[in-house]
Structure formats: C-alpha cells, structure tokens
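A closer look at the structure
The chain contents come next:
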Amino acid sequence: MTEKLRDLLHDRAAGVDFAPDDLDALVRAGDRRVRRRRGLAAGGALAALAVAAALVVPALSGGGDAAPEPTDNRTDTATETLPNGGVSWATSSVILAGDDALDVGHEVSVYVATTHGYVFADPEGTVYSVVDGKVDAIGRTDESEPHLVADDGSSLVGWVDFSSGPAPAFMVFDQSTEAEPAFAGGETTDDMSAAAASADPAYFYAIDDGTAYWRDARGAVAVDLETQDTELVDPDAVDGLDILDVQNGVIAFRDGKGVAVGTTRETAVQLPGVVTDSGELSPQGTAFAFYVDVPDPENGGHTEARVVGVDGSAVPLDIASATLSFAVPYGWLDDDTVAVLSSGPIEARYQSLLGCDVATGECEMTVENAGAARAQIVLPNGRLLR
Amino acid sequence: MTRRDEFAGFVAARSAALHRAAYLMVGDTSLAQDLVQEALVKTYTAWPRLRDPANAEAYCRKAITTTAISWFRRKSWSERPTEDPGAGDTVSGHADQVAQSQWLWEGLMRLPVRQRAAIVLRYYEDLTEAQTAHAMGCAVGTVKSQVAAGLTKLRDHLGHAADDLLPLADTAVNR
C-alpha cells in the first residue's frame with residue numbers, strides 16, 4: 001500500500017519541469033546577505049567606539065568643564081546622519097544604526113524608527129523628530145510613562161499628549177512631511193492616565209497600515225487616519241494591555257487567559273501557553289514573539305525569547321540560555337526574522353542584538369556589542385525596556 | 001575547490017530533486033521554484049559551516065520545509081481552504097491510475113501544510129521519522145501525529161479508493 005502512495009507522489013513530481021537555476025544570481029544573493037550580516041556585526045563594534053567618542057569628545061572640548069547642557073533651541077543640528085531601515089539601538093543621547101552613531105543632544109527614553117528617520121522622547125517628555133541629522137522638538141508626551149508607536153514601513157508615528165489641553169490627545173506625526181503633528185481624534189476625559197496598566201488610561205496601542213488603534217473612553221477603537229472612519233474594536237478594553245500589537249490587520253488581544261490573535265476579539269484564536277503582557281506580532285501577523293521568565297529557585301532562573309505561530313505552533317529559537325541570562329524579543333527585522341536582545345551567559349562582557357530566522361530557528365548577531373552586559377539600552381519599539 | 005565551485009556541484013546534483021519535493025509541498029511550480037531559490041541562497045550563506053554535502057542537503061531540505069510552512073501560515077491566515085464535504089463520496093467511480101493520482105493530489109493539496117510536508121518527507125523523500133522531525137524543526141511525536149492526521153484526512157477524501165492507495169496509519173513503517 002505504501003508503495004502506491006510513493007509511486008503516485010513520484011509520478012506527480014516527475015511530470016513537472018523547472019527552469020534551470022541561475023547559479024550566478026544565487027551566489028550574488030548569498031554574497032549580499034553575507035556582506036550585510038558582516039556589516040551589521042562590524043557596525044556594532046564601530047558603533048560602540050562611536051558611543052565612546054560621543055561621550056568623551058564633549059568633555060575634552062570643554063577643557064575639563066562639565067559637558068554643555070542640551071540647548072533649548074527648537075532645532076539642533078547634529079553632525080552626522082543615520083541610515084534608516086536597519087538594526088538600531090540607543091544609549092544615553094546616542095542612536096546607533098549600522099556603522100553610524102548620532103548624538104541627538106537629549107537623553108533617549110524611548111524611540112521608534114520610520115522610513116524617514118527616528119522619533120524619540122526624552123526624560124522630560126519632549127518628543128523629537130530626527131531626519132537627516134536634524135533634531136526637532138515636535139511635541140509632548142507623559143514623562144514618566146513615555147510611549148511611541150510607529151507604522152512599519154511608513155513615516156507615521158503616534159503618541160498621547162497629556163499636557164497640551166485639559167484631556168489627553170492622540171497625536172500623529174507624518175515624518176515625510178513638514179507638517180506639524182496633528183490631533184488624530186479620540187474621546188478622552190481629563191482624569192485619564194498614561195500608564196498602560198492603570199485604570200482608564202488613554203493609551204496608543206499601535207498604528208497599522210494607516211489605521212490607529214488606541215484605548216479611549218469608548219474602549220479599544222480603530223481609526224482610519226485618512227478618513228477618520230472609526231470602528232469600535234473592543235468596548236470592554238479597560239487598559240493599555242488589552243491589545244498588545246496590531247500588524248497586517250491582525251490584532252494580538254490579551255485577557256485573563258492569555259493572548260489570542262485575530263481580526264476581532266470574538267474570532268481571535270488563543271495562542272497556547274502564551275501568558276504575557278507584552279509581545280510583538282510579525283509584520284504579516286503570522287507569528288507572535290514574547291518572553292517568559294523561567295524560574296529556578298536554586299540558581300536564579302533566566303528569561304527566554306519565544307515565538308509562536310498564529311496556528312499555535314511553537315517556533316524554537318536557537319539561543320543558548322544560562323543562569324540569569326535573558327533573551328527578549330523587541331521587534332521583527334522582516335517577517336521571517338525576529339529581533340532579540342540577548343545578554344549571553346553571566347560572564348559575557350557584552351549584550352548582543354540577534355536576528356533569529358523563524359523558519360530555521362537559527363540566530364545570527366546583528367550587533368555583537370550593544371553595550372556592557374545588562375547595561376540599560378533603548379530599543380526601537382517605543383517602549384521602556386523594563 | 002572554492003566555495004562557489006562546491007556549491008555549484010551541490011546545486012547541479014540536487015536541485016532537481018529539491019524542486020520536485022518543494023512542488024509536492026506547495027502544489028505550484030512557480031512557488032516551488034521561489035521556495036528552492038530562497039533555500040539555496042540560505043544554503044550558500046551557511047556553506048562554510050556545513051562542510052559536508054550531506055549536511056548541505058539536510059540544511060536545504062529543512063529550509064525548504066520550514067519556509068514552506070511559514071509561507072502557508074501567512075497564506076492560510078487570509079485564504080483558509082474551503083471544505084468540500086462531498087469530495088469523498090464520488091471517488092469510487094475513478095478507478096484508473098490517472099484518476100487516482102488526480103484525486104490523491106487534490107487530497108494532498110487540501111491538507112494543512114505541516115501534514116502535507118510530513119507526508120511528502122516520509123513517503124516521497126523516504127526520510128525516517130527522526131530525519132523528518134529535523135527537517136520540520138519539530139519533535140518525532142509531532143511527525144507521527146501529523147502523518148497520522150494527514151493520512152486520515154486523505155483517506156476521508158479518497159473514500160473507498162483509499163484502501164488501495166494509502167498505508168494504514170498504524171501500520172506505517174516506523175523508523
């Protein structure tokens with residue numbers, strides 16, 4: 001019996017013709033990929049040097065005096081530009097991307113990357129836009145709970161402004177234009193708070209393909225930023241953790257049972273074993289990356305990065321774990337590659353950024369040295385790294 | 001011999017077989033070609049650490065399988081296949097080999113991609129359960145359950161003709 005199945009499969013496969021392989025094209029594509037990875041890894045080392053330079057040069061140029069305070073000018077002109085669209089991270093007032101590092105003149109609390117540059121908030125809650133080395137103050141957000149959202153593959157960024165009026169305002173900024181950030185709508189009251197986990201917050205969940213998702217007095221709503229058409233996504237959404245991410249129209253809903261993904265809460269499919277209050281959907285909404293703390297009372301435990309397909313299948317990632325190590329997903333480099341911050345083992349000198357292929361589970365370093373192991377850094381997901 | 005020469009030898013020797021297996025997994029010539037191209041680029045990129053051509057083939061097969069599963073996860077999200085409840089009732093009239101092959105093919109294409117991949121790897125590539133598990137990036141137990149579920153669905157699709165065409169799930173060779 002088995003032979004008949006085999007024969008039928010062989011007959012079917014043998015009846016199909018394929019075009020010959022273009023070996024040169026394969027090799028060129030492979031070489032490009034190798035160069036890109038080497039470049040990114042080398043970029044980490046160079047970037048670390050750039051950080052040192054950025055921190056050291058002001059002290060030297062000041063003749064031993066304290067480094068100058070950031071100016072209050074609306075526009076600061078930085079000395080270099082940064083590439084867009086690649087792996088990036090930030091520490092202190094420096095954003096690092098590829099081989100380049102840019103001192104933006106203000107400490108970076110949270111930031112996001114767009115197709116045109118970067119948008120960050122500093123510890124005072126001022127929101128800045130960084131385009132071609134130019135740093136502009138463009139708005140305000142909550143200083144203790146800063147939070148930015150970006151629309152992947154676009155120039156749109158959103159945040160909640162808590163200081164410009166009596167009630168919080170949902171703001172959207174298109175970095176590709178010279179236009180000021182715009183009030184994007186929403187129904188808020190003056191007693192709404194900023195913290196995601198607080199009762200009754202005004203919270204920006206995400207921007208996905210030109211549609212903003214936020215929580216206001218109505219619950220979770222989706223607002224088309226072009227037409228202002230508004231859809232009530234979840235009237236029962238009570239806080240900023242009811243929706244964890246939105247990508248390609250797929251929403252990651254969170255409730256007391258865990259995380260479910262789908263286009264509505266009613267039809268969303270529960271992801272088995274996923275209990276978390278943060279995570280990242282892949283760009284096509286086909287997989288969800290998150291981290292779990294694995295307890296070990298005797299040795300201290302560790303934190304693991306995990307990826308689950310929306311069909312519920314677990315995708316094992318080849319990241320070595322050790323006592324007190326951590327691996328935390330912070331975004332996706334493309335639909336097949338999850339970005340992970342990894343501490344390595346306790347004796348590791350540096351923490352690294354990894355790109356993990358969810359098809360094979362293999363991980364490669366995208367930035368070898370992202371600061372000393374366990375040093376505080378900022379990653380481009382718009383959130384504080386806790 | 002340079003890395004390029006070694007890779008060229010591998011492509012010349014194994015590309016046709018890899019394309020055929022990819023075609024059985026995705027059911028579309030162009031998609032299979034794209035899948036194999038992507039897997040070959042990944043294999044070339046990983047070549048220095050693969051060393052042995054046998055490792056290269058296993059790596060490439062794994063890349064094909066897991067990439068196919070990944071692609072179909074995306075596709076299935078927006079294009080879930082519709083069920084045809086009457087399909088299994090009409091197969092008894094198709095006795096000749098061509099019709100059987102067509103019915104089997106249609107049944108195979110209706111399977112979820114992981115079940116289809118498991119059946120292709122086990123019964124076309126003739127891999128052991130352990131090798132299939134490696135190619136799919138899953139546990140051996142998962143391979144067993146995926147194959148059994150796939151054969152059950154194929155049996156339902158084929159109706160009476162399944163007795164002649166399909167192995168019984170519980171008598172499949174376990175290696």
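Not measured: the values here are computed from a predicted model.

All names here are of chain A. Here three strands make up an open sheet; going across it, the order is 2-3-4 and the pairing antiparallel. A strand with exactly one partner marks an edge of an open sheet, and here the two such strands are strand 2 (88–91) and strand 4 (100–103). The mean angle between the axes of side-by-side strands here comes to 20°, regardless of whether they run parallel or antiparallel. Two strands pair when backbone bridges link them, and strand 2 and strand 3 (residues 94–97) are joined in this way by four bridges, in the antiparallel orientation. Following the sheet pairing, Thr 91 is matched in strand 3 by Val 94.

Right, let's get into the confidence of the model for chain A. Mean pLDDT over chain A works out to 83, with 86% of the residues at or above the 70 mark. Note that pLDDT drops below 50 for residues 37–79 of chain A; the model gives that stretch 52 contacts with residues more than four away or on any other chain.

Residues and elements named next belong to chain B. Contact geometry of helix 1 (residues 3–26) with helix 5 (residues 113–124) gives a least axis separation of 8 Å together with a crossing angle of 145°. Both helix 1 and helix 5 take part in a crossing whose hand is right-handed. Contacts between helix 1 and helix 5 pair Arg 20, Ala 21, Leu 24, Met 25 and Val 26 from the former with Arg 116, Ala 117, Val 120, Leu 121 and Tyr 124 from the latter. Of the residues contributing to the contact of helix 1 with helix 5, the split by class is eight nonpolar, no polar and two charged.

Residues and elements named next belong to chain A. On inspection of all chains with the given rule, the structure shows one disulfide over all chains. Paired through a disulfide, Cys 356 and Cys 363 show a sulfur-sulfur distance of 2.1 Å. When the S-S torsion is 110°, as for the bridge of Cys 356 with Cys 363, the disulfide is right-handed. Residue Cys 356 is classed as buried on the basis of its relative accessible area of 0%.

How each quantity is defined
- Residues numbered from 1 in each chain as written.
- Chains lettered and ligands numbered in written order.
- Predicted model: local features only at pLDDT ≥ 70, side-chain atom pairs only at ≥ 80, totals over all residues.
- Heavy atoms only, no water.
- Pairing = 2+ DSSP bridges.
- Helix = DSSP H or I, 4+ residues; strand = E, 2+ residues; numbered from the N terminus.
- Axes fitted to C-alpha atoms, helices over the stretch in contact; angles between N-to-C directions.
- pLDDT = per-residue confidence, 0-100.
- Contact = heavy atoms within 4.5 Å.
- Left-handed = near helix turned anticlockwise from the far one by under 90°.
- Nonpolar A, V, L, I, M, F, W, Y, C, P; charged D, E, K, R; others polar.
- Disulfide = S-S within 2.5 Å.
- Buried < 20%, exposed > 50% of the residue type's maximum accessible area, 1.4 Å probe, protein only.

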